[in-house]
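Tertiary structure, described
Here is how the chains run, residue by residue.
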Amino acid sequence: MEYHVIVLAAGQGKRMKAGKNKQFIQLQNEALIVHTLRNFVQDDWCKSIYIVISQEDQVEMKALLKNYPWFDQISFVPGGKERQDSGYQGIKAIKADMPDEVVMIHDGARPFIEQYHLHQLAVKAKEAKAALLAVQVTDTIKRRRADRIETLDRATLWAAQTPQAFHYTVIKKAHELAKEQQFTGTDDASLVEEYMPYLPVEIVEGSYQNVKLTTPEDILRAEMILNKRGDV
Ligand code: CTP
Ligand code: MG
């Protein structure tokens, strides 16, 4: 099996309050984005890697990644204003030969993906055209409406993660329609849900370790996961 991946790194990392894009934060002496990219560089199934970055980070990012022997395997794509715009930029940059080639879209800020999950996701996306990694919600979730609250059935609730994976033509079409109709989804799968309701997006159960580093508290957690994995 083969797949392409788009790694989104064109945000500003405002909530991280690091004074720079969080992709550059050091985790055990290596930038966050390097940990993330290495998962794909080391995966034989990964055919091409596109990193989406903002204009202002372009020079620093290239200078950083030049230090690694796999620099030439990475294609650089300029980002957009919102995450969804950056995803669309990445999709437009992909050179797919076949309509059913699998394209994964992944947050640069999620460094802890396991290879077996990437493979399960790739296989599922090839077969179902759209799939994402998700974990079952562990909290009890309440919905508040007007003057009353209700408790949702936890067994039906999943927390979406990335990567999310699709046939090339499916995700391209979904993004084109979203752009045309100015629809903003909270992730890429939601665009397929919106525009291709006849195409059920499949869930591949992932890991609770596949966290997105969003706030300063997440750094401590990340260090702990890295220590446990012992892969540096
Ligand atoms: N992202 C992107 N382009 C944007 C916004 C976000 O490529 N215009 C990327 C981020 O770099 C990140 C991922 O999407 O890897 C998930 O977004 P988030 O965690 O919100 O990161 P930031 O937008 O950078 O952080 P913040 O919202 O706190 O500013
Ligand atoms: Mg953001």
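Note that the structure is a prediction, hence the values are computed from the model and not measured.

Quick notes on the site of ligand 1
- Taken together, 19 residues form the shell around ligand 1, and within it Leu8, Gly13, Lys14, Ser86 and Lys212 come nearest.
- For ligand 1, a nitrogen atom lies 3.5 Å from a polar atom in the backbone of arginine 83.
- In isolation ligand 1 has 560 Å² of accessible area, and contact with the protein removes 88% of it.
- Here the residues of the shell around ligand 1 sort into four nonpolar, seven polar and eight charged.

Considering helix α2 (residues 58-65)
- Every buried residue belonging to α2 is among Gln58, Met61, Leu64 and Leu65, and all of these are buried. All buried residues of α2 fall inside an arc of 135 degrees around its axis, so they share one side.
- Close packing links the buried residues of α2 with β3 (30-31), α1 (32-41), β4 (46-53) and β5 (74-78).

Considering the layout of surface pockets
- In this structure, the largest pocket encloses a volume near 800 Å³.
- Together, 33 residues line the largest pocket, and Gly11, Gln12, Gly13, Arg15 and Arg83 are the ones closest to its centre.
- Going through the elements one at a time, α3 (83-93) and β10 (158-167) are the ones with two or more residues in the lining of the largest pocket.
- It is β10 that provides the largest number of residues to the lining of the largest pocket, a total of four residues.
- A class-by-class count of the residues in the lining of the largest pocket yields six nonpolar, 14 polar and 13 charged.
- Here the second largest pocket defines a volume of roughly 310 Å³.

Structural notes on the pairing of strand β8 (residues 142-145)
- The pairing of β8 with strand β9 (residues 148-151) spans four bridges and is antiparallel. When the bridges of β9 are listed, arginine 143 appears paired with glutamate 150.
- Count of turn residues in the β8/β9 antiparallel hairpin: two residues, of which alanine 146 carries a positive phi of about 45 degrees.

A short note on the packing of α1 against α2
- For the pair α1 and α2, the least separation of the axes is 11 Å and the interaxial angle reads 60 degrees. When the interaxial angle is binned, α1 and α2 end up oblique. In the packing of α1 onto α2, the handedness of the crossing is right-handed. Along its contact with α1, which presents Ile33, Val34 and Leu37, the element α2 presents Met61, Leu64 and Leu65.
- Of the residues contributing to the contact of α1 with α2, the split by class is six nonpolar, no polar and no charged.

A word on the environment of arginine 144
- Within the fold, arginine 144 resides in strand β8.
- On the basis of relative accessible area, arginine 144 is assigned to the exposed category, the value being 71%.
- Once the C-alpha coordinates of arginine 144 and glycine 87 are considered, the two residues, 57 residues apart in sequence, prove to be 32 Å apart.

Some details on unusual backbone geometry
- The residue after threonine 162, namely proline 163, is reached through a cis peptide bond having omega 5 degrees.
- Residue placement: proline 163 occurs in strand β10.
- We note that lysine 17 has phi near 55 degrees; this positive angle belongs to a residue other than glycine.
- Following the sequence through the fold, lysine 17 ends up in the loop between β1 (3-8) and β2 (26-27).

With respect to the UniProt feature "site: Positions MEP for the nucleophilic attack" (unreviewed entry) in the chain
- When the UniProt feature table is mapped onto this chain numbering, "site: Positions MEP for the nucleophilic attack" (unreviewed entry) sits at Arg154 and Lys212. Checked against the lining of the largest pocket, the annotated residues reduce to Lys212.
- Following the sequence through the fold, arginine 154 ends up in the loop between β9 and β10.
- Among the polar contacts listed, one links the side chain of arginine 154 to the side chain of threonine 140, at a separation of 3.4 Å.
- Excluding anything up to four places from it in sequence, lysine 212 contacts Arg15, Asp107, Ala109, Arg110 and Asp218.
- Separated by 3.0 Å, the side chains of lysine 212 and threonine 214 make a polar contact.

The rules behind these values
Residues numbered from 1 in each chain as written. Chains lettered and ligands numbered in written order. Predicted model: local features only at pLDDT ≥ 70, side-chain atom pairs only at ≥ 80, totals over all residues. Heavy atoms only, no water. Near = heavy atom within 4 Å. Polar contact = N/O pair within 3.5 Å; in protein donor to acceptor, adjacent residues only side chain to side chain. Areas by Shrake-Rupley, 256 points an atom, 1.4 Å probe, with all protein chains shown as cover. Nonpolar A, V, L, I, M, F, W, Y, C, P; charged D, E, K, R; others polar. Buried < 20%, exposed > 50% of the residue type's maximum accessible area, 1.4 Å probe, protein only. Helix = DSSP H or I, 4+ residues; strand = E, 2+ residues; numbered from the N terminus. Arc of directions from axis to C-beta. Contact = heavy atoms within 4.5 Å. 1 Å grid on protein atoms, 1.4 Å probe; cavity = no way out; pocket = protein on both sides within 12 Å on 5 of 7 lines; lining within 4 Å. Points joined across faces, edges and corners; volume = space filled by probe spheres on them. Pairing = 2+ DSSP bridges. Axes fitted to C-alpha atoms, helices over the stretch in contact; angles between N-to-C directions. Parallel < 35°, antiparallel > 145°, perpendicular 65-115°, else oblique. Left-handed = near helix turned anticlockwise from the far one by under 90°. UniProt positions renumbered as here; feature names shortened; annotations may be inferred.

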